[in-house]
Amino acid sequence: SAIFLSITGIFLNVNVQGGKEFEDSVGLMGQYETGAMLDREGKPMNSKGTIAYGMEWQVKPDHGDPIIFSTAEGPQWPQEKC
């Protein structure tokens, strides 16, 4: 299994090639097998749009998500839509 990142202009390309390690993956990139946009409970979000989908997958330590940086600086997740 491998994850390849590349940049084309201003766009980030994430290419996930793998096997069993990614079968249960769900997150900002969608469900691995289908690409379906699911919320944290596994319910479809396709009709809610990409802004709502991105907000759903923000890292939120006060909602039980792990802290991913050693130092918290500024807002860690948007409180409102930009």
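Right above here is the structure, for reference.
Residues numbered from 1 in each chain as written. Predicted model: local features only at pLDDT ≥ 70, side-chain atom pairs only at ≥ 80, totals over all residues. Heavy atoms only, no water.

Quick look at the overall build of the protein now. A tally of helices and strands in the protein yields one helix and two strands. Element order for the protein, N to C, with α for helix and β for strand: β-β-α. In the protein, which comprises 82 residues, the share counted as buried stands at 12%. Sequence separation of 24 or more characterises 13% of the internal contacts of the protein that already satisfy a separation of 6 or more. (Helix = DSSP H or I, 4+ residues; strand = E, 2+ residues; numbered from the N terminus. Buried < 20%, exposed > 50% of the residue type's maximum accessible area, 1.4 Å probe, protein only. Contact = heavy atoms within 4.5 Å.)

Further remarks concern the pattern of salt bridges. Using the criterion set out here, one finds one salt bridge in the structure. Arg40 is paired through a salt bridge with Asp65; the nearest N and O atoms lie 3.0 Å apart. A residue pair is termed long-range when its members are at least 10 positions apart, and Arg40 in the loop between β2 (11-17) and α1 (49-56) and Asp65 in the segment after α1 qualify at 25 residues. (Salt bridge = Lys/Arg side-chain N within 4 Å of Asp/Glu carboxyl O.)

This part takes up the pairing of β2. Where strand β1 (residues 2-8) lies against β2, seven bridges are found, and the strand directions are antiparallel. When the bridges of β2 are listed, Ser6 appears paired with Asn13. Here β1 hands over to β2 after two residues, with Gly9 in that stretch at a positive phi of 65°. (Pairing = 2+ DSSP bridges.)

Attention now goes to the side chain of Asp39. The topology assignment puts Asp39 in the loop between β2 and α1. The buried charged residue Asp39 lacks any salt bridge partner; its closest oppositely charged side chain belongs to Lys48, at an N-O distance of 5.3 Å. Polar side-chain contacts of Asp39 include one of 2.9 Å to the backbone nitrogen of Gly42. At a separation of 2.8 Å, a polar atom in the side chain of Asp39 contacts the main-chain amide nitrogen of Lys43. If we skip the residues at most four places from it in the chain, Asp39 touches Met45, Glu56 and Trp57. (Lys, Arg positive; Asp, Glu negative; His and termini not counted. Polar contact = N/O pair within 3.5 Å; in protein donor to acceptor, adjacent residues only side chain to side chain.)

This part takes up a nonpolar patch on the surface. Residues Ile3, Leu5, Ile7 and Leu12 make up a contiguous nonpolar surface patch of about 470 Å² in total accessible area. The greatest single-element share of the nonpolar patch, amounting to three residues, is contributed by β1. Examined against the element boundaries, Leu5 turns out to sit in strand β1. (Patch = residues over 30% accessible without salt bridge, like charges linked within 9 Å, V, L, I, M, F, W, Y side chains within 5 Å. Areas by Shrake-Rupley, 256 points an atom, 1.4 Å probe, with all protein chains shown as cover.)

Our next topic: the side chain of Asp65. Judged by its relative accessible area of 17%, Asp65 falls in the buried class. Looking at Asp65, its side chain comes within polar contact range of the side chain of Arg40, at 3.0 Å.

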